[in-house]
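One-letter residues, chain by chain:
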Amino acid sequence: MSQQATHSLPRPWLAGLREAIPLLGGYVPVAISFGLIAVQAGFSTWEAVVISTLIYAGASQFLFVGMIAAGAPLWLVVVMTLLINVRHVVYAPNIAPWLTASRAWPWLMHGLTDQVFALAHTRLPQLPASQRLGWFTGAALLAWFSWIGGTALGAVAGEELTRRWPLLGEIMPFALPALFLVLLAPRFTDRRWSLALGSSIAIALLLTVNGLSNAAIPLGAACGALCFYLVKLDSTTRGR
Amino acid sequence: MSTALWLAVLASSLGTLLMRLLPLLWMRRRLERLDDGDDGFDAMPQWLGILGPLMIAAVLGTSLVPTTVDATSWLATAIGVLATLAAWWRLRSLGWPIAAGVAAYGAVVTLLG
């Protein structure tokens, strides 16, 4: 893993904005869907926008709105929403070694979604310390605003948009796996990492195909970690 | 929305924010305690450093599942992945490989869909 500051940028926040653009391909269509579903579930446009602004976590927002519409008890709605988001606890410590002393960082963690984490985990170590805050602010704000804007658009005109451009919502989300592929490709450095990463991808994919998308990320990562340690044990045993 | 519903939104928001924020404060304290001039990465628990890339891999796995699950979408996904990797192998940059992947995926969906 490269931990060196490899290059500096003239305007780091602008670079953060530019590098987060691929996230929009995934965020905007999903946010439009959320806005549409929230309105259909009985929320107003403003309420849907407030939910996207404050909770700002895709899968759990769909669950939140769905459970409310189904009449589930509110305490259960909150518990389930938080349970889905519990995977976020490992994100900030993973990027903490590259964060500077600024007091803005804790507040910026509101923007640390799965996708922003993936981007920041790769890019922050490559940037000089003085540019990391600007870069992260640009990237995280673009992602956040696109999620809020997409929700508003979906709530106001989601039905019309999906009817007029049905393929757009199907094609643009491929920007997300393409981005993650580019971020992960340099990490396939040896057999051990390749097996661990490959098994994480495969398990998460299989779980998602079988309708267990909420458990797919933590379980996929756990299986990958198991694989990582098993390969180490195997090579240690052979060494003896 | 009723007051109770607003409270549910606020509780979910606050809980999610704390799950993103509190581990950062914990890690910062740990880094300060262990700070002996080494790279901060060395102060990170080993399991945490391993889990980071694996979480990204799992996010990739979930995002590879197409919106509409059928043979055409899976074929488009496979071709999109190959196009992305080929462009990355050649250019080693962030933007163009993504554009190539989306274009390849879109072309297959449009032609065969």
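Computed from a predicted model, the values in this text were never measured in an experiment.

This paragraph deals with the overall build of chain A. Each helix and strand counted, chain A has 13 helices and zero strands in total. When the helices and strands of chain A are placed in sequence order, the string is α-α-α-α-α-α-α-α-α-α-α-α-α. Taking 18 Å as the expected radius of gyration for a compact globule of 240 residues, we find that chain A reaches 19 Å, a close match to that expectation. Along the first, second and third principal axes, the C-alpha set of chain A runs to 65 × 45 × 35 Å. Classification of the 240 residues of chain A by burial places 50% in the buried group. Contacts in chain A between residues far apart in sequence, at least 24 positions, make up 76% of those at least 6 positions apart.

Let's shift gears to helix α3 (residues 46-63) of chain B. Taking 1.5 Å per residue as the helical rise, α3(B) with its 18 residues ought to reach 26 Å, and the 27 Å between its terminal C-alpha atoms agrees with that figure. Burial analysis of α3(B) places 13 of its 18 residues in the buried class, the great majority of the element.

This brings us to the environment of A:A157. Residue and element names in this part refer to chain A. Note on placement: A157 falls in helix α9 (residues 129-164). Since 15 C-beta atoms lie within 10 Å of it, A157 is described here as partly exposed. As a C-alpha pair, A157 and G35 span 122 residues in sequence and 9.0 Å in three-dimensional space.

Before going further, it helps to examine the interface of chain B and chain A. The interface of chain B with chain A comprises 59 residues on the first partner and 72 residues on the second. Counting residues per element, the ones that place at least two in the side of chain B that touches chain A are α1 (3-34), α2 (40-43), α3, α4 (71-91) and α5 (95-112) of chain B. Looking at the side of chain B that touches chain A element by element, the count peaks at 20 residues for α1(B). A per-class count over the side of chain B that touches chain A returns 40 nonpolar, 16 polar and three charged.

Moving on, we get to the packing of helix α5 (residues 74-85) of chain A against α1(B). Across the interface, α5(A) lies against α1(B) with an axial gap of 9 Å and an inter-helix angle of 20°. The angle between α5(A) and α1(B) places the two elements in the roughly parallel class. Taken as a pair, α5(A) and α1(B) cross one another with a handedness that is right-handed. Mapping the contact onto sequence places A:L74, A:V77, A:V78, A:T81, A:L82 and A:N85 in α5(A) and B:A4, B:L5, B:A8, B:A11, B:S12, B:G15, B:T16 and B:M19 in α1(B). Among the residues making up the contact of α5(A) with α1(B), the classes are represented as nine nonpolar, five polar and no charged.

Now for α5(A). All names here are of chain A. With 12 residues, α5 extends 17 Å between its outermost C-alpha atoms, agreeing within 8% with the 16 Å of an ideal straight helix rising 1.5 Å per residue. Taken as a whole, α5 has its buried residues at V77, V78, T81, I84 and N85. In a view along the axis of α5, the buried residues occupy a sector of 130°, so they form one face of it. For α5, the exposed residues lying more than 90 degrees away from the buried face are W75 and L76.

Below, the discussion takes up unusual backbone geometry. Residues and elements named next belong to chain A. For Y56, which is not a glycine, the phi torsion comes out positive at approximately 50°. Within the secondary structure layout, Y56 lies in the loop between α3 (45-54) and α4 (58-69). For Y56, a count of 23 C-beta atoms within 10 Å translates into the label buried.

Residues and elements named next belong to chain A. Along the polypeptide, S199 turns up in helix α12 (residues 191-209). A sequence separation of 29 residues divides S199 from F228, and the C-alpha atoms of the two residues are 9.5 Å apart. What S199 contacts, discounting residues up to four positions off in sequence, is C223, G224 and C227.

Calculation notes
- Residues numbered from 1 in each chain as written.
- Chains lettered and ligands numbered in written order.
- Predicted model: local features only at pLDDT ≥ 70, side-chain atom pairs only at ≥ 80, totals over all residues.
- Helix = DSSP H or I, 4+ residues; strand = E, 2+ residues; numbered from the N terminus.
- Rg over C-alpha atoms; globule rule 2.2 N^0.38 Å.
- Buried ≥ 20, exposed ≤ 12 C-beta atoms within 10 Å, placed from the backbone.
- Contact = placed C-beta atoms within 7 Å.
- Expected span 1.5 Å × (residues − 1).
- Nonpolar A, V, L, I, M, F, W, Y, C, P; charged D, E, K, R; others polar.
- Axes fitted to C-alpha atoms, helices over the stretch in contact; angles between N-to-C directions.
- Parallel < 35°, antiparallel > 145°, perpendicular 65-115°, else oblique.
- Left-handed = near helix turned anticlockwise from the far one by under 90°.
- Arc of directions from axis to C-beta.

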